[in-house]
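A structural walkthrough
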Amino acid sequence: MEPSYILATDVGSTTTKARFFGRVDGRWRFIASGEAPTTVEKPVEDVTMGVRNAIREVEELTGHTIMEGASDELSIIMPYKGDKLGVDIYVSTSSAGGGLQMLVQGVVKSITAESAQRAALGAGAIVMDVLSVDDGRDDYYKIETLRFLRPDIVLLAGGTDGGDKTHVLEMAELLSKARPRPRLGAEYLLPVIYAGNVAVREDVKKMLRDDFDVIITDNLRPRIEVEQVEQARNAILYLFMEHVMAHAPGYDKLKKLVSTSIMPTPAGEGMMIRTFSEMRNVNVIGVGLGGATTNIYSNFEGRFLRTVSANLGMSYSVGNVFKEAGAENVLRWIPFEMDVKNLMEVVYNKMIRPTTIPITVEDLVIEHSLAREAIRLGFNHHKYLARELKGVKKERTISDIFEEVKPEDTYIEMFNVSHIIGTGGLLSRAPRRNQSMIILTDAFQPRGFTSLLQDSVFMMPHLGVLSTIQKEIALDIFEKECLVHMGTVVAGVGIDKTGAKVATIELEWEGGKKTFDLSFGQIIREPIPRDKNVKVRVSPTNNFDFGKGFGKFVERTVSGGVVGIVFDGRGRPIYLPEDERERKKLIIDWYDSMDLYPKSKIEEWRKSL
C-alpha cells in the first residue's frame, strides 16, 4: 500500500531539519519544513529533543499532528490514521557530533589503502588518516597517530586473496599495539572491519579480538584488477547504526522510531545522486558545498564515488580555501581593484565571524570567487581518487592532491557528464540562480552539453535515505520538488585569439529559429525556460571540439531553465588574459552577459578600467 505522508529529519551538527511530504491531488509534494537547534551537546544531551522541536514547527505550520501529545518522550504516530493524524514513514540522517569518523589502513598506499579510502568515503565517513606500509612514516609515528586519533570505526585492508600476508599482519600488529580508543562510548570495543587477504582472516581476528570488535567482510581487492567496496560500505553503515549511533546521546531512542536505518548525512546526499543517476541512466556529478567541508559525488558509467575535502568550506574553513587555492586564483575572478592584503582581511574576518553574510556586492563577488576555488579544489581531489585501478602506479604525495589532475588521469570524461547538481547554503541562498550556475560552470568546467541543477531547500539527504525504502517516491519528489533546473551549458574544448570565431550556433524551437556566432572569450545566455525544448546545432571551427571532435558538427535537443541556455566560448580550460586590464574587462563582460550582479555595479566596474 502506497504511503500518504512521509516525515524525514536530518540531525545536523548545529541544526536539526524536518521535511514533511504528502500525496496531494495524486502527486507527491513537499509540504513544509521545520528547523530547531540540535540538542546532542550539554545541557540537554538528547537528540530527540531537537527533533521534537523541528517536528513541532511542521505541525504548527500544517495543522497536521505527527507526534503523540501525551508522551514526554518523542513518539511518532504511525501509520497515518486519517484526518491529518500521523505519518506512514519516518526516516532520518545524522551528522551530529562531527558525523562518522574513520581511520583507514592498507598495505600499498595507491592500491589497497586507496580502495579502503573509497569505501569509507562512499559510506559518508570523514577519513581521519590513511595509513599504509609505504606511506613514508616510521612505525613508532604510526602508533602515535593511531593512539592520538579517536575514530568511530577502523577499516583494515591489504593483500590480494592468496597474495601478501606479511604486510597485512604488520598493519594489524600496529593496530594491536596502539589500541586506539573509540570517540564515543569508552566502555565498548572499537569496531575494526577487516577487508583484506582471506588467507590471514583468522590470524587478524586472533591478534585483535581482545581489544577490538572485529568484523570480517569480502576482500576489497581480491585481485589486483578488481575492486569491490559494496560489502565493506554496507558493514560501515551497519556499524554506524548499531555501534556509533547507539553511544551518541539520545540515538538509542531515535533509532527505534525510524522506518529504516539512520544514515550519515553525506551518505544520504550521495545516495540520492546515485539513485537519480541510475534510474535516469545518466552520468552525474554533485557537490555539497558546506561551511566546513566540501563533498563531491560522481556516478560515472556505473561507478559511484564520494570524496570529502574536510578543510575546504565557506565559513569555518574559508582560510584553507584561500591558502590552498592561492591569492592569485581567487583574485582572477574579481573584476574590480583589490590587492592581496585586502583580500586576506575579508577572509580573516569571515574566519572570525563565520556566520556573517556579504554586505556589499563586492563582498558577494569575493565569496563567489572563493566558492569557485573551493569546488575546483574539491573536484581535483575527487579526480585524484576517480582513477582506473592499476597494480603499479606512479608514486604520489599528498601535495599532488592539490595539483591540477589532467583529464586523461581520471575516468571521468566531462563530455559524457550530462548533469551537475549543487547543494549547500551558499549555492541555495545565492541572491540570483545565475550566480549558482556560473559558480558551478567555472568550478567544474563542463564540456559539450550539460544540465545544471540545484537543491532548492536542502532535502537531498532526507530523500537519499528515503530512496532506500521508497525509490520511486524519493525520485519523484527529488525531480519535481527539490531540484531547480537552472539550464544547460554548451561549451567546447579549444583555444584561439580573443574575439576569434568559435562556432556558428543555430537554435530551433516550435515556432521559432535563431542563428548567431559564438566568439572566443564570449558568453551568450539565451533565457529559454525549462518547458521549452530547443534543437541546438553547433558548427565549430577547426580549433574547437563540442563533443564530436575538432571542427565536427554537433546537434542536440536540450531544455532551458530559470537561467536559460548558456553558450560558453571561453574554451577549456577557461582562458583568462594575463594583462590585468584585459582580464577585468573580460570578467565584467561575462558577469554582464550572465546578469550576475546589478547593472549599476557592472557599469561602475566598467568605468573604473
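Look up: the structure comes first, before these words.
Described below are features of the structure shown in this document. Fair warning: this is a prediction, and the values are worked out from it, not measured in the lab.

Cut-off values and rules
Residues numbered from 1 in each chain as written. Predicted model: local features only at pLDDT ≥ 70, side-chain atom pairs only at ≥ 80, totals over all residues. Heavy atoms only, no water. Pairing = 2+ DSSP bridges. Helix = DSSP H or I, 4+ residues; strand = E, 2+ residues; numbered from the N terminus. Axes fitted to C-alpha atoms, helices over the stretch in contact; angles between N-to-C directions. Contact = heavy atoms within 4.5 Å. Expected span 1.5 Å × (residues − 1). Buried < 20%, exposed > 50% of the residue type's maximum accessible area, 1.4 Å probe, protein only. Phe/Tyr/Trp six-rings, centres within 6.5 Å; stacked < 30°, edge-to-face > 60°. Arc of directions from axis to C-beta. Parallel < 35°, antiparallel > 145°, perpendicular 65-115°, else oblique. Left-handed = near helix turned anticlockwise from the far one by under 90°. Nonpolar A, V, L, I, M, F, W, Y, C, P; charged D, E, K, R; others polar.

Section: the sheet that holds strand S9 (residues 212-216)
What the 5 strands build is an open sheet, ordered S6-S5-S7-S8-S9; its pairing is parallel. Whereas interior strands pair on both sides, the edge strands pair on one side only; in this sheet they are strand S6 (126-132) and S9. Averaged over all pairs of adjacent strands, the angle between their axes in this sheet comes to 20°, without regard to strand direction. By the bridge criterion, 4 bridges tie strand S5 (residues 101-106) to strand S7 (residues 153-156) in an arrangement that is parallel. Directly across from Met102, in S7, lies its bridge partner Ile153. Contacts from helix H3 (residues 139-148) reach S5 and S6, with the element oriented near 160° to S6.

Some points on helix H14 (residues 433-444)
In a regular helix each residue adds 1.5 Å, so 12 residues correspond to 16 Å; H14 covers 17 Å between its end C-alpha atoms and thus fits that length. Of all 12 residues in H14, 11 are buried, a share of seventy percent or more. Of all the positions in H14, only Asn434, Gln435, Ser436, Met437, Ile438, Ile439, Leu440, Thr441, Asp442, Ala443 and Phe444 are classed as buried. Looking at the residues trailing H14, positive phi occurs at Gln445, about 50°.

Comments concerning the packing of aromatic side chains
Within this structure, the stated rule accounts for 12 aromatic pairs. Summarising the aromatic geometry, the rings of Phe520 and Tyr575 are spaced 5.4 Å apart at their centres and angled 40° between planes, so their arrangement reads as tilted. With Phe520 in the loop between strand S19 (512-519) and strand S20 (523-526) and Tyr575 in the loop between strand S24 (564-568) and helix H17 (580-593), this residue pair connects regions lying 55 residues apart in the sequence. Phe520 gets classed as buried once you look at its relative accessible area, which sits at 2%.

Brief notes about the pairing of strand S1 (residues 5-11)
Taken residue by residue, a regular strand's side chains alternate between the two faces of the sheet. Of all the 7 residues making up S1, 7 are buried; the element is thus mostly covered by neighbouring parts of the structure. In the sheet, S1 pairs with strand S2 (residues 15-24) via 7 bridges, with the strands oriented antiparallel. Residue pairing in the sheet places Ile6 in a bridge with Phe21 of S2. In sequence, S1 turns back onto S2 through a hairpin of 3 residues. With 6 bridges connecting them, S1 and strand S4 (residues 89-94) associate as parallel partners. Of the residues in S4, the one forming a bridge with Thr9 is Ser92.

A few points about H3
Considered for burial, the residues of H3 that qualify are Lys142, Ile143, Thr145 and Leu146. Buried residues along H3 cover an arc of 160° about the axis, so they all sit on one side. For H3, the exposed residues set more than 90 degrees away from the buried face come down to Tyr140, Arg147 and Phe148.

Quick notes on the packing of helix H12 (residues 361-385) against H14
Where H12 contacts H14, the two axes come as close as 8 Å, and the packing angle between them is 40°. Classified by the angle between their axes, H12 and H14 sit oblique to one another. Considering the relative orientation of H12 and H14, their crossing is right-handed. Facing Leu364, His368, Ala371, Arg372, Ile375, Arg376 and Phe379 of H12, the residues of H14 in contact are Gln435, Ile438, Ile439, Leu440, Asp442, Ala443 and Phe444. Looking at the contact of H12 with H14 residue by residue, the class counts come to 9 nonpolar, 2 polar and 3 charged.

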